[in-house]
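Observations on the model geometry
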Amino acid sequence: VRDLDATSLNAARQRYAADIEKSDSVKVTHTDLFVALVARVLTKHPKMNSSWVGNVVRANPDINISIAIAVEDGVVAPVIPHADKAVLGAIAVQRRDLAERARANKLRAGDLAGGTFTISNLGMLDVDSFTAIITPPQAAILAIGRISDRVIAVDGKPAIRPMVTLTLSSDHRVIDGARAAEFMRDLAGAIANPQQWLEGK
């Protein structure tokens, strides 16, 4: 579990939103940013992107991010393929399309296939933090709570910052705790400096 300052994440959303809305006619969400950043961080942590298949660890050659979406009868997790290579606008367009078709019960089998890592964001439902259940054969899932103002210590003094709680669940047959912690450390760095990760690759 990591409590992170989302100031830079909010700034990145504002920075890219207008151009992407103009070019792609889609609003950038925090989920889009998390998909882009998680996928890019996964390039440095291939074990996190592996699967447990037939009692062995299988390395996945591609980074395909599943997004948990609530529908009338439960939850589905359609996939954004090659998310590490997709620009933010393309991710936003795909996410909107998948979400609209999921809620209309129009997802195709291919939309749900091939995911290698799942993101579940309940921030829009005012959930502060939660633990998500791993989707086999994936090795991990990231649960994202809402971004809300909290009082934290900054340079030894109280300050108000927009904070977000991330909770990582991982399959210890594939990933030990230290490797999971290293992934979260790098993800925290990406959230603190999203522009470098979004434009530097």
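Residues numbered from 1 in each chain as written. Predicted model: local features only at pLDDT ≥ 70, side-chain atom pairs only at ≥ 80, totals over all residues. Heavy atoms only, no water.

Let us now look at the packing of helix H1 (residues 7–24) against helix H3 (residues 88–103). Relative to each other, H1 and H3 sit at 65°, their axes nearing to 10 Å. For the crossing formed where H1 meets H3, the hand is right-handed. For the pair formed by H1 and H3, the contact residues are Tyr16, Ile20 and Asp24 on the first element and Leu88, Gly89, Val93 and Arg96 on the second. Looking at the contact of H1 with H3, its residues break down into four nonpolar, one polar and two charged. (Axes fitted to C-alpha atoms, helices over the stretch in contact; angles between N-to-C directions. Helix = DSSP H or I, 4+ residues; strand = E, 2+ residues; numbered from the N terminus. Left-handed = near helix turned anticlockwise from the far one by under 90°. Contact = heavy atoms within 4.5 Å. Nonpolar A, V, L, I, M, F, W, Y, C, P; charged D, E, K, R; others polar.)

Right, let's talk about the pairing of strand E9 (residues 140–144) for a bit. Across the five residues of E9, five count as buried, placing the element largely inside the fold. Because side chains alternate across E9, one face comprises the buried residues Ala140, Leu142 and Ile144, and the other comprises Ile141 and Ala143, equally buried. The sheet contact formed by E9 and strand E11 (residues 157–170) spans five bridges and is antiparallel. When the sheet's bridge partners are listed, Ile141 is paired in E11 with Ser169. (Buried < 20%, exposed > 50% of the residue type's maximum accessible area, 1.4 Å probe, protein only. Pairing = 2+ DSSP bridges.)

Below, the discussion takes up the environment of Arg101. If you trace the backbone, Arg101 turns up in helix H3. Note on Arg101: relative accessible area 14%, which makes it buried. Sequence separation of Arg101 and Val53 is 48 residues, and the distance between their C-alpha atoms is 29 Å. Beyond its immediate chain neighbours, meaning those up to four positions away, Arg101 contacts Lys106, Leu107, Arg108 and Asp111. In terms of polar contacts, Arg101 uses its side chain to reach the side chain of Asp111, at 2.6 Å. (Polar contact = N/O pair within 3.5 Å; in protein donor to acceptor, adjacent residues only side chain to side chain.)

We now examine the pattern of salt bridges. Going through the model one piece at a time under the given rule, you end up with twelve salt bridges. For the salt bridge of Arg15 with Glu199, the shortest nitrogen-to-oxygen distance reads 3.6 Å. You can see Arg15 sitting in helix H1 and its partner Glu199 sitting in helix H5 (residues 194–199), a full 184 residues away along the chain. On the basis of relative accessibility, which here comes to 45%, the residue Arg15 falls in the partly exposed class. Looking at Glu199, the relative accessible area reads 43%, which means it is partly exposed. Across the salt bridge formed by Arg185 and Asp186, the nearest N and O atoms sit 3.3 Å from each other. One network of salt bridges, in which partners are shared, links Asp97, Arg101 and Asp111. (Salt bridge = Lys/Arg side-chain N within 4 Å of Asp/Glu carboxyl O.)

A word on H3. For H3, which comprises 16 residues, the first-to-last C-alpha distance of 22 Å matches the rise-based estimate of 22 Å (1.5 Å per residue) to within 8%. Residues Leu88, Gly89, Ile91, Ala92, Arg95, Leu98, Ala99, Arg101 and Ala102 constitute the buried set of H3. Among the structural elements, H1, helix H2 (30–42), strand E4 (65–67), strand E5 (69–71), strand E6 (74–76) and strand E7 (79–80) are those in contact with the buried residues of H3. Asn105 lies just past H3 and shows a positive phi near 60°. (Expected span 1.5 Å × (residues − 1).)

As for its position among the elements, Phe117 is in strand E8 (residues 117–121). Here Phe117 falls in the buried class, since its relative accessible area comes to 0%. Each C-alpha atom of the pair Phe117 and Leu42 lies 9.1 Å from the other, and the pair is 75 residues apart in sequence. Apart from residues lying up to four places away in sequence, Phe117 is in contact with Val38, Leu42, Met48, Asn49, Asn64, Ile65, Ser66, Gln138, Ala140, Leu142, Leu168 and Phe183.

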